[in-house]
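# Geometric and topological summary
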Amino acid sequence: GFNSLEVLTDVPEQVDLNKVKEDLLAISNTHSTDIAFIRDDVYRRSKRLIVFDMDSTLIQAEVIDELAKVHGIGAKVSAITERAMNGELDFNHSLVERVSHLKGLKESTLEDICQNLPLTEGVEEFIKTVKKYGYKVALISGGFTYFANYLKNKLELDYAFANELEFENGELTGKVKDTIINAD
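Notes on the structure follow. Just so it is clear, the structure is predicted and the values come from calculations on it, not from any experiment. Within any chain, residue numbers begin from 1 and follow the written order of that chain's sequence. Restriction of local features to residues with pLDDT of at least 70 applies here, the model being predicted, together with a cutoff of 80 or more for giving and counting side-chain atom pairs; totals for whole chains, interfaces and linings are based on all residues. As a rule here, side-chain values cover all heavy atoms of the structure and leave hydrogens and water aside.

### Considerations on the overall build of the protein
In terms of helices and strands, the protein carries eight helices and four strands. Ordered by position in the sequence, the α and β elements of the protein form the string α-α-β-α-α-α-α-α-β-α-β-β. With the principal axes as the frame, the protein shows a C-alpha extent of 60 × 40 × 30 Å. Buried positions account for 31% of the 184 residues belonging to the protein. For helices the rule is a DSSP run of H or I covering at least 4 residues; for strands it is a run of E covering at least 2, with both sets numbered from the N terminus onward. Classification of residues uses two cut-offs on accessible area relative to the type maximum, computed with a 1.4 Å probe and protein chains only: under 20% is buried, over 50% is exposed, and between them is partly exposed.

See the structure below:
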């Protein structure tokens, strides 16, 4: 499911906040959970923007791996994806390499994948609720605008930013257009 928990606490001056952040990050990685460590002040209270990643966050899939499976190169691309996510490969280079293997994939295939993207349980209700409270909701992804824009429309998100695949004659050229969106 998709849940959120807010914990407020006082932190004594002698506590090393950098160490606490490191420990929370380790817990986050171990339990596949997102943790935000935010100072509680007037600026935090006035924030009204929530930003999501796409793959394995809003949806329970890695889109590039789904594209590769349909194109018959699933294992090859999944291995590169996993190495990139583990920090073993530079994201930009790995993205360019993975997309190059998708050359010739038809746009109609991307449409079919859009229709079957598995949303994370509870995400639709969560987004409707926070939008009702006046939050803006954005999606920023190292994935692709084709799918990000589909989710933007389906979930009524305010913004969606991702990498743009290049098409020619209704097929992927195997190239990414413009600046690559990565973790930075």
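### A few points about the environment of Leu-5
Inspection of the secondary structure assignment puts Leu-5 in the segment before helix 1 (17–30). Taking C-alpha positions, Leu-5 is 33 Å from Asp-90, a pair spaced 85 residues apart along the chain.

### Describing the nonpolar core
The biggest cluster of nonpolar side chains holds 36 residues, and the ones touching the most others in it are Leu-67, Phe-144 and Phe-147. When neighbours within four sequence positions are excluded, Leu-67 is seen to be in contact with Leu-102, Leu-105, Leu-110, Ile-113, Phe-144 and Phe-147. By nonpolar core we mean a set of buried residues, namely Ala, Val, Leu, Ile, Met, Phe, Trp, Tyr and Cys, connected to one another through side-chain atoms within 4.5 Å. For this analysis, residues touch if any pair of their heavy atoms sits within 4.5 Å.

### Here we look at unusual backbone geometry
A positive phi angle, close to 55°, is found at Asn-169, a residue other than glycine. As for its placement among the helices and strands, Asn-169 is situated in the loop between strand 3 (159–168) and strand 4 (171–177). What makes Asn-169 exposed here is its relative accessible area of 77%. Notably, Asp-178 is not glycine yet its phi reads approximately 65°, a positive angle. Its place among the elements puts Asp-178 in the segment after strand 4.

### Focus: the pattern of salt bridges
Note on pairing: side chains with opposite charge can pair once their charged atoms come close. Note on definitions: salt bridges are taken to be side-chain nitrogens of Lys or Arg within 4 Å of carboxyl oxygens of Asp or Glu. On inspection of all chains with the given rule, the structure shows six salt bridges. In this structure, Glu-88 and Arg-83 form a salt bridge, with 3.5 Å as the shortest nitrogen-oxygen distance. For Glu-171, the salt bridge identified is with Lys-106, shortest N-O distance 2.8 Å. On the criterion of sequence distance, the pair formed by Glu-171 in strand 4 and Lys-106 in the loop between helix 5 (91–100) and helix 6 (107–115) is long-range, its members being 65 residues apart.

### Overview of the sheet that holds strand 2 (residues 136–144)
Criterion used throughout: strands pair if DSSP finds at least two bridges between them. The sheet built from four strands is open, its strands ordered 1-2-3-4 with mixed pairing. Where the open sheet ends on each side, the last strands, each with one partner, are strand 1 (49–52) and strand 4. Looking at each pair of strands side by side, their axes are set apart by 35° on average, direction ignored. Pairing of strand 1 with strand 2, which is carried by four bridges, proceeds in the parallel orientation. Across the sheet, Val-51 pairs through a bridge with Ala-138, a residue of strand 2. Interaxial angle, 0 to 180 degrees, is taken between N-to-C directions of lines fitted to C-alpha atoms, where a helix line uses only the stretch in contact.

### Quick word on a nonpolar patch on the surface
A cluster of nonpolar side chains, namely Leu-49, Val-51, Ile-140, Tyr-159 and Phe-161, defines an oily patch on the protein surface of about 450 Å² accessible area. Every element with two or more residues in the nonpolar patch is listed here: strand 1 and strand 3. Tracing the sequence through the fold places Leu-49 in strand 1. Like-charged residues are merged into a patch within 9 Å and nonpolar side chains (Val, Leu, Ile, Met, Phe, Trp, Tyr) within 5 Å, provided each residue has over 30% relative accessible area and no salt bridge. A 1.4 Å probe and the Shrake-Rupley method give the accessible areas. Residues count as covered only by the protein chains that appear here.

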